[in-house]
Amino acid sequence: MSLFDADAYEPDEMLHHPRHLAMQPVLVSLIEQLRACQTLEDGVVFQRELVTRLLDVEKDRDGLKRAIARMRVHKAPQPQVPEPQSGRALTEIGTWEFEHDVCKRLVRQLRSIGDALAWRAFSCYRPFILALSRNDSPGLMYGKKGLPAELERVEQAWKEDGAFALLHDLTNCLRIGDVTVFNDMGPLQTEEVKTNPRSIDKKQLRRINQARAAVLHGDALPGGKASDVLCDLALPLRTHLDLLRTATERAAADGVHAIEIPGSRALLVVDQYGLTQLNLPHEQAMERMRDSFEGALDRAGIGRRAHNVHATSLDTTAIDPQRVPWANYPLHPVICARIIGDYTTVSVETCGPALAELLQVAGLGARWVRPPANSDLKPGEVVMEIHQPEYLRSVPLPGGIRMTPGWTLQVQRSALDRYLIELLTPGSWVAGMKHVLAARRTWRPWPHYRNEHEVWV
């Protein structure tokens, strides 16, 4: 199965496309500019540039899409269509589909910077992201009927009130409301913007109010069940992101670097620029990766097992609205840009039995509902159950002790991904599970730690 959107080209062809290569220095510059933002005005200036760049790419994507539609009915592409840059034959529809797929990926890469802006604007407070992400993807900005009104509201907020209005369509993670307005004087406000002020979308307003109530008052999250609520773990987040920083820096020089991570995990980082500098034949480069990773797996005490579970950065940018954007990781901007563009890939792996044992040592019961290596998991499907047995004194029974089932926590694959790709320390992860179980509630908790503003950039 192809890692990308078409089977007519190899993944490396995407990485070598001129458009894709040209986006790398743009991403680096945007990440540096975002990290340098200190004031609301800085945010306004940065957002204007990001909007311009995203609309330019979306315009090209739209033009290529229309050209493909014309070619499918045996018509020539329309005038002023973006010129393909791959060097392929212009008469082949696959050439235009390839160009479209490149633009589609570049749109996601720029949206990932928009996500990083959103995390920065919300002070890396995950509850706002979780609450406002619970809607369908917003789709493209270019050609959107209500875009002029939204852009006008953004400029009005700054010129009239000195406020920064974050444009949600610039992101993948903010899917409820059109803008959130930040100022130095009052609380932030999420708004729905309409071309006709008299036209009110009551459903969207209700979701905005639900998201706000979920964050401020612990009410149910929008778009789910009444049991879907945010869960403050009352714990600090602890990670091994320092090891990720070291591994990415080593891979940039050596092409590949793999190390063991506490919690029976192995981390593999592959840097395409580093491999290119070594000028290794393909087979030799693959052997180098295998040897390096297998060594880290062995040192982590998990080896290559059928029930291994892993998370990866590869082709995941701006897809899952709950993932922390790579531009917010405490890594060098160049490294962040490479991960966003898949020139550097990060993979973290553990094994099911080792993960269950980690929980059991902490006094928790753990059972895999689905083998962790399954690749056909559906969104929201439960993969593991964790429970905390209760031992109650019962004098009439022989031995004086009986066991009751206690409370059970059902874990979805996305929760495992977070433990792996965010490199949480085993202590933080297990303590979080214990905290949720200790609440003794029938609920669907969406947990968050208290100090994430100290972790993410």
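On a predicted model such as this, the values are computed, not experimentally measured, just so you know. Each residue is numbered by its place in its chain's sequence as written, counting from 1. Selection of residues for local features in this predicted model requires a pLDDT of at least 70, selection of side-chain atom pairs for listing and counting requires 80 or more, and totals for whole chains, interfaces and linings are taken over all residues. Note that the side-chain values use all heavy atoms of the structure and ignore hydrogens as well as water.

On to the packing of aromatic side chains. Aromatic rings from Phe, Tyr and Trp, with only the six-membered ring used for Trp, were paired whenever their centres fell within 6.5 Å, and each pair was classed as stacked if the ring planes differed by under 30 degrees, edge-to-face if by over 60, and tilted otherwise. Going through the model one piece at a time under the given rule, you end up with eight aromatic pairs. Look at Tyr125 and Phe128: their rings are 5.7 Å apart centre to centre, the planes differ by 65°, and that puts the pair in the edge-to-face class. Only protein chains enter the accessibility calculation, which uses a 1.4 Å probe; a residue whose area is less than 20% of its type maximum is buried, one above 50% is exposed, and one in between is partly exposed. Taking relative accessible area as the criterion, Tyr125 reaches 35% and is therefore assigned partly exposed. For Phe128, a relative accessible area of 18% corresponds to the buried category. Within the aromatic cluster, the residues linked to one another by ring pairs are Phe122, Tyr125, Phe128, Phe164 and Phe182.

What follows deals with the sheet that holds strand S6 (residues 265–271). Two strands are said to pair when DSSP picks up at least two bridges between them. Only DSSP runs of H or I with at least four residues qualify as helices, and only runs of E with at least two residues qualify as strands; both kinds are numbered from the N terminus onward. Strands sit in the order S5-S6-S8-S7 across an open sheet of four strands; the sheet is antiparallel. The open sheet has two free edges, formed respectively by strand S5 (256–261) and strand S7 (308–312), since each of these has just one partner strand. With direction set aside, neighbouring strand axes in the sheet form an average angle of 20°. Sheet analysis places S6 next to strand S8 (residues 344–351), joined by six bridges and oriented antiparallel. Bridge assignment links Ala266 to a residue of S8, and that residue is Glu349. Sitting on the sheet, helix H8 (residues 241–254) is in contact with S5, S6 and S8, with an inclination near 35° to S6. Axes, fitted as lines to C-alpha atoms, cover a helix only where it is in contact. Angles between the N-to-C directions of the axes lie from 0 to 180 degrees. Contacts are assigned to residue pairs with any non-hydrogen atoms lying within 4.5 Å of each other.

Once that is clear, we can look at the layout of surface pockets. Space inside the second largest pocket adds up to approximately 850 Å³. Cavities and pockets were defined on a 1 Å grid built over protein atoms only: a cavity is a set of grid points that admits a 1.4 Å probe from which the probe cannot escape, a pocket is an open set flanked by protein on both sides within 12 Å along at least five of seven lines, and lining residues are those with an atom within 4 Å of any such point. Residue lining of the second largest pocket: 38 residues in total, with Gln410, Gln412, Ala415, Pro445 and Pro447 positioned closest to the centre. Counting only elements with at least two residues in the lining of the second largest pocket, the list comes to helix H5 (126–132), strand S11 (401–412), helix H13 (413–421), helix H14 (426–438) and strand S12 (444–448). When the residues that make up the lining of the second largest pocket are grouped by side-chain class, the tally is 20 nonpolar, eight polar and ten charged. Grid points are joined across faces, edges and corners, and a volume is the space filled by probe spheres set on the points. For this classification, the nonpolar set comprises Ala, Val, Leu, Ile, Met, Phe, Trp, Tyr, Cys and Pro, the charged set comprises Asp, Glu, Lys and Arg, and every other residue, Gly included, is treated as polar.

For the rest of this paragraph, the subject is the sheet that holds strand S2 (residues 179–182). Read from one edge of the open sheet, three strands run S1-S2-S3, paired in antiparallel fashion. Edge positions in the sheet fall to strand S1 (164–167) and strand S3 (189–191), since each has one partner strand and no second. This sheet shows a mean twist of 25° between the axes of neighbouring strands, independent of strand direction. Its contacts with the sheet place helix H3 (residues 40–72) against S1 and S2, and it is angled at close to 30° to S1.

With that settled, the discussion passes to the pattern of salt bridges. Should a side-chain nitrogen of Lys or Arg be within 4 Å of a carboxyl oxygen of Asp or Glu, the pair is scored as a salt bridge. On inspection of all chains with the given rule, the structure shows 26 salt bridges. When the shortest N-O distance is used, the salt bridge between Glu422 and Arg126 registers 3.1 Å. In this pair, Glu422 sits in the loop between H13 and H14 while Arg126 sits in helix H5, placing the two residues 296 residues apart along the sequence. The same class applies to Glu422 as to Arg126, namely buried. A salt bridge links Arg126 to Glu452; the shortest N-O distance between them is 2.9 Å. Here Arg126 is found in helix H5, whereas its partner Glu452 is found in the segment after S12, with 326 residues between them in sequence. The exposure class of Arg126 is buried, given its relative accessible area of 3%.

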